[in-house]
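Here is how the chains run, residue by residue.
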Amino acid sequence: MSAFQGRVSSALADATLKIAIDRTTNTARTKRAAAIGAWPEFAEARELGRDIKDHVIANLEYYLTQFEANAIKTGAKVHWARTGQEACEIVVGICKAANAKSVTRSKSMLGEEIGLPHALEAAGIERVETDLAEHIIQLAGEKPSHIIWPALHKTREQVGELFRANHTDPGALASVEQMVNSARRNLREKFMAADVGISGANFLIADTGGICTVTNEGNAELTTTPPRVHIVTVGIEKLVPSMTEAMTMLRLLVRSATGAELTQYTTFHTGPKRPGDLDGPEEFHIVLVDAGRTKMLAEGLAEMLRCLRCGACMNHCVVFRQIGGHAYGSTYPGPMGSVITPSQDGIEQFQDLPRACTLNGQCGEVCPVAIPLPKLIRGWRTKAWVQGYEPAISKTALLLWRFLALRPGLYQFASNIALRFMPIFARSGWIAKMPLAGGWTTYRDLPSPQGGTFLSQYKAKHRKAAK
Amino acid sequence: MSNAKAEIFAAIRKSLPSPSSATNIAEALAALRNRVNPTRPDRVNGAPDEVFLARVQSPGVAASAERIANLDNLPAAVARYVSKNNLPPSIALQPHPDLQGLNWSGLHIHHDIATDEPVAVGLALGGIAETGTLVFHSQPHSPTLFAFLPLHHIVAVYAETIWPWLEDYTAEFVGQTPPRNINFVTGASGTTDIEGTLVRGAHGPGWLHIILVEQ
């Protein structure tokens, strides 16, 4: 059993996890469907969003140059990092130069990707996660299990226990409202006392040199305004040409992520505090991070660089909804993670991810920038096969299937045998246990076959039509 | 050029060996911009201030709102809100000259904002009808934290500064250097981080009251 299969088995055996995943992803799908339903122009907007991102990626050098020049003009300091480690070193260096004891951080998946939480801790700097979900998993000592709802794997009951154990004066924690209030009270002073605030960015605006963050809680602005230093860590693919394009992308991103039309707070941060301003940081640093993006470009994964990190693909993924995010063992779970992770961390180690997919196509259909996720996932399967990483058992099974598929007579004969053999194990139309089918029947029953093979039904239908 | 930047650019160049000219890029971008209007949600089909007022009170934004004839009526509207919600009659007033010039007798005014400020009163730069969004630009008379620290945020906005669509706002400032912060505020703060359930009043204000000023 691979490490991935081991994690999947424990996830499937965890009934509480299933409840937690269902509660959030069901709400997310319902709300997204309502928001898209109320926007008849969605299909056209989606094509525009796709083309904007493709235009930027095709002219990445041009827009990065433009962004950097404009950011510098507004007083920002721009840093470049080839790897996650390099990015962390830059951030820790800025924190040390600022003599920072305490750092507040607003949720950023790139920060997770490059291991920034760990790097800050290793440097002995107090790290305060301010997004509610990140606060929950920081208290639990865990990693995010979803890119929009990092604490999706926790039920409200589990969050209540965590706050009771860790918060000062939590009060009653029976309702979600009470939990949110307790977090508000406990994080309030931390916001104001931090020396450095670190955020990610949803967009980089090339023609102003500004960055855009979207949040619902208001934690990004409370992270980036009171401290003396604001540091942004962001992937180089997050560019849009201007504020105008940002508006199209925001319409697509927010509806796909939470089903709202805009998040409560959409903020464009450009440079440090201006003369006369009563608040805002004196230093504004932007760390532009490659960490595998140019590699994806070289590997034919340019379409994946469109990704807005909305999470719709995972909310609609039948596999994610069974196993949750941690089972993937990577920063990015679900369909988008199954494309990004093998590129970032190697197909040898993560060949299971592109295979944990039914290819039902839902992820590609809901993607707000039309990333052909099933095609990209199939691409990784092909690479894994060509490079010889396919496990012996599935390789043998596939070769056997190929042998039969090339011999239709034999294929029909084998199907007929299976059809006769399977009902022997069925009780009331369902198979709970059968030789060679343990991988399926451990977790669910298999319906007993009915009505003969496809070809025998097809022939019977034709005979009937001919009469 | 730093080594890191040079290497990243070299890697990009390897995959995209023949960059387009600035003219071609500008043309392609103009073609994309021509496609924006038909993709906007077709809903701003009345006077922008009326659409805005309906939008901010819709379930998705869930702010409370009212209309007043002119800014002189603002202190009375604030006093009504404060008394209706049993709040202390002490308010943090955004240091905007339009607000400072009003008669606030009956309310205690201060211009600094506390971490746990119960009520703040502000004046937005404008609003966006499409989404029911308030827009703030950080400036000496509009500090960012006024929109994030109070529990109740009461915001006045002039009817004439309501833009129909998001792009109408951006068009107004093309070519200008933006302020440090542009804050779009669409409803009171909230979170769906626990089981996807929406709860208002996460870290930012728990209540947003919008007062549309006709003149």
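Residues numbered from 1 in each chain as written. Chains lettered and ligands numbered in written order. Predicted model: local features only at pLDDT ≥ 70, side-chain atom pairs only at ≥ 80, totals over all residues.

Enquirer: For this particular structure, what's the right way to read the overall build of chain A?
Expert: What chain A contains, in helices and strands, is 24 helices and 13 strands. The C-alpha radius of gyration of chain A comes to 25 Å, within 12% of the 23 Å expected for a compact globule of 467 residues. The buried share of chain A, taken over its 467 residues, is 51%. Contacts in chain A between residues at least 24 apart in sequence constitute 73% of all its contacts with a sequence separation of at least 6. (Helix = DSSP H or I, 4+ residues; strand = E, 2+ residues; numbered from the N terminus. Rg over C-alpha atoms; globule rule 2.2 N^0.38 Å. Buried ≥ 20, exposed ≤ 12 C-beta atoms within 10 Å, placed from the backbone. Contact = placed C-beta atoms within 7 Å.)

Enquirer: Looking at this structure, how should I read the domain arrangement of chain B?
Expert: How big an interface is tends to be stated in terms of accessible area lost as the parts join. Looking at chain B, the domain boundaries give domain 1 (1–35) and domain 2 (43–213). Here the C-alpha centroids of domain 1 of chain B and domain 2 of chain B sit 40 Å apart. (Domains from an automatic or database assignment.)

Enquirer: Teacher, can you tell me more about the interface of chain A and chain B here?
Expert: In this assembly, 78 residues from chain A lie in contact with 67 residues from chain B. Top contributing element to the side of chain A that touches chain B by residue count: helix H10 (residues 176–193) of chain A, with nine residues. In the side of chain A that touches chain B, the residues fall into 33 nonpolar, 25 polar and 20 charged. (Nonpolar A, V, L, I, M, F, W, Y, C, P; charged D, E, K, R; others polar.)

Enquirer: What's the story with the nonpolar core in this structure? I'm lost.
Expert: In summary, soluble globular proteins display a tendency toward joint burial of nonpolar side chains. With 182 residues, the main nonpolar core has Ile205(A) and Val289(A) as its most contacted residues. Counting residues per element, this core draws most heavily on helix H12 (residues 243–257) of chain A, which supplies nine residues. (Core = buried A, V, L, I, M, F, W, Y, C linked by C-beta atoms within 7 Å.)

Enquirer: How do you make sense of unusual backbone geometry when you look at a structure like this?
Expert: For residues that are not glycine, phi is negative in most cases, and the peptide bond is trans in most cases. Located in the positive-phi region is Ser428(A), a residue other than glycine, with phi close to 50°. Located in the positive-phi region is Asn86(B), a residue other than glycine, with phi close to 55°.

Enquirer: Please explain the sheet that holds strand E3 (residues 108–110) of chain B as it appears in this structure.
Expert: Pairing between the strands of a sheet is mediated by backbone hydrogen bonds and can be parallel or antiparallel. Residue and element names in this part refer to chain B. Within the open sheet, the six strands sit side by side as E1-E12-E7-E4-E2-E3. Their pairing is parallel. Among the strands making up the open sheet, the edge pair consists of strand E1 (64–68) and E3. Pairs of neighbouring strands in the sheet enclose a mean axial angle of 25°, with direction left out of account. Two elements, strand E2 (residues 90–93) and E3, share three bridges in a ladder whose sense is parallel. The partner of Ser 90 across the bridge, within E3, is His 108. (Pairing = 2+ DSSP bridges. Axes fitted to C-alpha atoms, helices over the stretch in contact; angles between N-to-C directions.)

Enquirer: Explanation requested: the sheet that holds strand E4 (residues 196–199) of chain A in the structure shown.
Expert: Residues and elements named next belong to chain A. Strand order in the open sheet formed by six strands is E1-E10-E7-E4-E2-E3, and the pairing between neighbours is parallel. The open sheet is flanked by strand E1 (77–81) and strand E3 (126–129), the only strands paired with a single partner. The sheet shows a mean angle of 20° between the axes of neighbouring strands, direction not considered. Judged from the four bridges that link them, strand E2 (residues 102–105) and E3 form a sheet pairing that is parallel. Its bridge partner lying in E3, Arg 105 is registered against Glu 129.

Enquirer: Explain the environment of Glu283(A) to me, please; I cannot follow it from the model alone.
Expert: Residues and elements named next belong to chain A. One can find Glu 283 in strand E10 (residues 283–289). Using a count of 18 C-beta atoms within 10 Å as the deciding quantity, one classes Glu 283 as partly exposed. A sequence separation of 65 residues divides Glu 283 from Gly 218, and the C-alpha atoms of the two residues are 21 Å apart. The contacts of Glu 283, once residues within four sequence positions are left out, are Lys 77, Arg 228, Val 229 and Pro 272.

Enquirer: Please clarify how the pairing of strand E6 (residues 133–137) of chain B should be interpreted in this entry.
Expert: Residue and element names in this part refer to chain B. Burial analysis of E6 places four of its five residues in the buried class, the great majority of the element. With three bridges connecting them, strand E5 (residues 126–128) and E6 associate as antiparallel partners. From the neighbouring strand, Ile 128 faces E6, where its bridge partner is Thr 133. Counted between consecutive antiparallel strands, the loop separating E5 from E6 contains four residues, among which Gly 132 sits at a positive phi close to 70°. Bridge count between E6 and strand E9 (residues 181–185): four bridges; the pairing is antiparallel. Residue pairing across strands places His 137 opposite Ile 182, the latter belonging to E9.

Enquirer: Would you take a moment to explain helix H9 (residues 156–166) of chain A for this structure?
Expert: One full turn of an α-helix is made of 3.6 residues, so residues set three or four places apart face in the same direction. Residues and elements named next belong to chain A. The complete set of buried residues in H9 reads Val 159, Gly 160, Leu 162 and Phe 163. The buried residues of H9 all sit within an arc of 165° when viewed along its axis, so they share a single face. Check the buried side of H9 and you find it contacts helix H8 (132–140) and H10. (Arc of directions from axis to C-beta.)

Enquirer: Would you mind showing me how to read the packing of H9(A) against H10(A) here?
Expert: When two helices pack together, their arrangement is given by the angle between the helix axes and by the axis-to-axis distance. All names here are of chain A. For the pair H9 and H10, interaxial distance at closest approach is 10 Å and the crossing angle is 35°. Relative to H10, the crossing made by H9 is left-handed. Counted together, Arg 156, Val 159, Gly 160 and Phe 163 of H9 and Val 176, Met 179 and Ser 182 of H10 form the full contact between these two elements. Taken together, the residues of the contact of H9 with H10 sort by class into four nonpolar, two polar and one charged. (Left-handed = near helix turned anticlockwise from the far one by under 90°.)

Enquirer: Honestly, the pairing of E9(B) in this entry has me stumped. Any pointers?
Expert: Two faces make up the sheet, and in a regular strand the side chains alternate between them. Burial within E9(B) is extensive, with five of its five residues counted as buried. Alternating residues of E9(B) divide into Asn181(B), Asn183(B) and Val185(B) and Ile182(B) and Phe184(B), and every residue in both groups is buried. By the bridge criterion, five bridges tie strand E9 (residues 265–269) of chain A to E9(B) in an arrangement that is antiparallel. If you follow Phe268(A) over to E9(B), its bridge partner there is Ile182(B).

Enquirer: Please clarify how the environment of Glu390(A) should be interpreted in this entry.
Expert: All names here are of chain A. Looking at the secondary structure, you find Glu 390 in the loop between helix H20 (373–386) and helix H21 (392–405). Exposure remark for Glu 390: the 18 C-beta atoms within 10 Å place this residue in the partly exposed category. Taking the C-alpha atoms as reference points, Glu 390 and Gln 412, 22 residues apart in sequence, are found 27 Å from one another. Ignoring sequence-local partners within four residues, the contact set of Glu 390 consists of Ala 384, Trp 385 and Lys 395.

Enquirer: Got a minute to help me understand H12(A) in this structure?
Expert: With 15 residues, H12(A) extends 20 Å between its outermost C-alpha atoms, agreeing within 8% with the 21 Å of an ideal straight helix rising 1.5 Å per residue. At the exit of H12(A) stands Gly259(A), carrying a positive phi of roughly 85°. (Expected span 1.5 Å × (residues − 1).)

Enquirer: It is not clear to me how the packing of helix H16 (residues 334–345) of chain A against H20(A) should be interpreted in this structure. Could you clarify?
Expert: Residues and elements named next belong to chain A. Contact geometry for H16 and H20: axes closest at 9 Å, N-to-C directions at 40°. One way to sum up the angle between H16 and H20 is to call them oblique. In this structure, H16 meets H20 at a crossing whose hand is left-handed. Residues Pro 335, Met 336, Ser 338, Val 339 and Pro 342 of H16 lie in contact with H20, whose contacting residues are Leu 373, Leu 376, Ile 377 and Trp 380. For the contact of H16 with H20, the class distribution of residues is eight nonpolar, one polar and no charged. (Parallel < 35°, antiparallel > 145°, perpendicular 65-115°, else oblique.)

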